Structures are given as structure tokens and as C-alpha cells.
Amino acid sequence: MVIVKIFGGLGNQLFQYAIGRALGLKNGVDVKYDVTNFKTGGLRKCELPNFCIDGDLATRKDIRRIQYSRVSLLREISLAIRRKRPHYGKSFILEENFHYSPQVLKIKNDAYLSGYWQSYKYFKKYWDKISAEFNPKNSLCDTALKYKREISTCNAVSLHIRRGDYLTNERVNKFHGLCSIDYYKSAIKVIKDDVLNPCFFVFSDDLEWAIENFSILEGVKFVKLPKATADYEEMFLMSYCKHNIIANSTFSWWGAWLNRNAKKNVIAPSKWFTDPEIDTSDLFPPTWRVL
């Protein structure tokens, strides 16, 4: 059995789920998901139940089967982090680097995987089978459906601006940084050169800032959803657009990846992290344009 730890926001959760499914399909092993990181009332919640996924949740008994109690597992993680290098124990695998590690897909024995696994290469080969599971389980809310109808009537381009904790949280800001206005201007120019009469749908966790800086853009619409709207609904609205301009965020990465337009233009920022030493070469498919 393979257990994959699920944590973080929606984009992270989808990468973690996808590597688990790919492992199950490639090696014929049972895969379960550890969602114990999510607590009632916490900042993040498990979003996977909103999708048509095929995944069982790991119990404490399942985790013990992989020879780690909860306490010893946390000790192993802590030790690996302090050493600043991957720890490949008999059963526990901590992600080694940000870039693709093909040896992970060779796992056949009992294992517990902890990491972000942010590369399409982990699951691309099995995407035809996995893709059906990445559909919304329930209908979108009325406001989202209204935007979906608008999107279907034009050459819609999603433009995602991630600010929020990237701006207000000092630690997060230092690690991720913000996409610059110049990046968006360059991305918009590329789209205008390639797409006839584009209509830009702006998605942002700081719409006031987005409106202030992009209202001048011709054919722009600012997506305003009810506060209670689930994150996955906004992600799927991005995916329904014909083309995508993404932020340095796995949230809009998945919005672009789930876009089924065979001729889509996807523009992504080259500066995914503030640290230029982090290798992001396996993050973007070769058909995406990186600026």
C-alpha cells in the first residue's frame, strides 16, 4: 500500500492526488490518502471530495501498517528537514527536490509519500484515465454558471492575479513573491498577437487591486463570486476559458492544465519563486509559453 499525504491549498492537493493515482495505475498498488493534516476550522480544508476522485482515505491503522506510528513519522519528517536532504527510509519518502524525480514512480512496496510533487511528468502518461476524476462532482453555483455561459460565447482568456497571503504573509512573500505588472502586460500582448478579439476574465483574491490596475484593458471582465463559493468553482471557470494567463500559483496552473482546448495558449511566469536556484524546469509543459 502507498499512502500520500494531502496538505496545502487546492492546487497542491491535486498534485498530491495525481501522483498517488499514477502510482496506483503504473504499479498496481493500493493507494490511500492521509488527510489528517486538515483540522476543523483551520485555514485550509480538504477539497478533494468536490471532485469525482477514486481515492480512499488512510486510517491510523493503515499508517501503522507502513511501520510508522504518528509520533515516529513526525520525527522522521523533522529529522529529514533538519538534515536538508531527502530521507528515504524503509517506508517513508520525503520529496527530494522541487523538480521531477522519476524514481518515485518505481515504488511498489509499502510507502508513505510526503511532498508537493509539482510536475505534470508524474501523471501525464496516465492522464487519459485520471482526467475523468478531475471533474466537479456537483453543479457550480448560479453566479459561476452565469460566468460559464459568458465564457462560452467569446475567445475567453483567464488572467489570474494571486496576492492575498503572497503579499500579507512575510514568510510566504519572501518565498513566492508576486508576479509583476510587466509580466501581465507582456502576457496580454502575446495573447493579443495570437488570439482574435480576446475577452479577458480576471480572477483574483484582491479584486480591488485588479480593477485599479486592469480596468483600462479592452474586453475585460472581473470575476466576482459570492464569498461562500468553493475554490474549485473558480478553478473550473479558469479551465473553461480558451486560453490562460497564470500566476505563480498552482491554483491557476491547474486551471490551465484542466483547459481542454487543444489549441490553447498558456502563459506562465518564469519567476515562480524568489529563489532562482529552485529548478522549475519540470513544472511547465513544453507547449506553455514562459515569460
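Before going into details, it helps to say that this report is about the structure given with it. (Residues numbered from 1 in each chain as written. Predicted model: local features only at pLDDT ≥ 70, side-chain atom pairs only at ≥ 80, totals over all residues. Heavy atoms only, no water.)

Further remarks concern the packing of helix α8 (residues 181-194) against helix α9 (residues 207-214). The contact between α8 and α9 brings their axes to 13 Å, and the two run at 60°. What the angle tells us is that α8 and α9 run oblique. Both α8 and α9 take part in a crossing whose hand is right-handed. Contact with α8, carried on its side by Ile181, Tyr184 and Ile188, involves Trp209, Asn213 and Phe214 of α9 and no other residues of that element. Tallied by class, residues from the contact of α8 with α9 come to five nonpolar, one polar and no charged. (Axes fitted to C-alpha atoms, helices over the stretch in contact; angles between N-to-C directions. Helix = DSSP H or I, 4+ residues; strand = E, 2+ residues; numbered from the N terminus. Parallel < 35°, antiparallel > 145°, perpendicular 65-115°, else oblique. Left-handed = near helix turned anticlockwise from the far one by under 90°. Contact = heavy atoms within 4.5 Å. Nonpolar A, V, L, I, M, F, W, Y, C, P; charged D, E, K, R; others polar.)

Time to look at the sheet that holds strand β2 (residues 31-34). If you walk across this open sheet you meet the five strands as β3-β2-β1-β5-β4, and the pairing is parallel. With partners counted over all chains shown, the strands left at the sheet margins are β3 (56-57) and β4 (92-94), one partner each. As defined by bridge partners, β2 adjoins β3 across two bridges and the pair is classed as parallel. When the sheet's bridge partners are listed, Tyr33 is paired in β3 with Leu57. Strands in contact with helix α1 (residues 10-27) are β1 (2-5), β2 and β5 (111-114); relative to β2, the strand with the most contacts, it is inclined by about 160°. (Pairing = 2+ DSSP bridges.)

Pairing in this open sheet of six strands is parallel, and the strands run β8-β7-β6-β9-β10-β11 from one edge to the other. Edge positions in the sheet fall to β8 (220-222) and β11 (289-290), since each has one partner strand and no second. Direction of pairing for strand β6 (residues 155-161) relative to strand β7 (residues 198-204): parallel, over a ladder of seven bridges. Bridge pairing in β7 links Ala156 to Cys199. Along the sheet face, α8 touches β6, β7, β9 (243-245), β10 (266-268) and β11 and points at about 165° away from the line of β9. Relative to the sheet, α9 contacts β6, β7 and β8, its axis offset from that of β8 by approximately 165°.

By size, the foremost hydrophobic cluster in this structure holds 64 residues, and its most contacted members are Leu113, Phe123, Trp253 and Trp254. Sort the elements by how many residues they give to this core and α1 lands first, with eight residues. Aside from chain neighbours lying at most four places away, what touches Trp254 is Gly11, Leu14, Phe15, Ala18, Phe123, Trp127, Phe134 and Met235. If you look at the next biggest cluster of nonpolar residues, it comprises 22 residues, including Cys179, Phe200, Val202 and Trp209. (Core = buried A, V, L, I, M, F, W, Y, C linked by side-chain atoms within 4.5 Å. Buried < 20%, exposed > 50% of the residue type's maximum accessible area, 1.4 Å probe, protein only.)

What follows deals with the pairing of β2. Burial along β2 is two-sided: Val31 and Tyr33 facing one way and Lys32 and Asp34 facing the other are all buried. As defined by bridge partners, β1 adjoins β2 across four bridges and the pair is classed as parallel. For Val4, the partnering residue across the bridge sits in β2 and is Tyr33. Following the chain from β1 across α1 to the adjacent parallel β2, one finds a crossover that is right-handed. (Right-handed = clockwise from strand over helix to strand, strands pointing away.)

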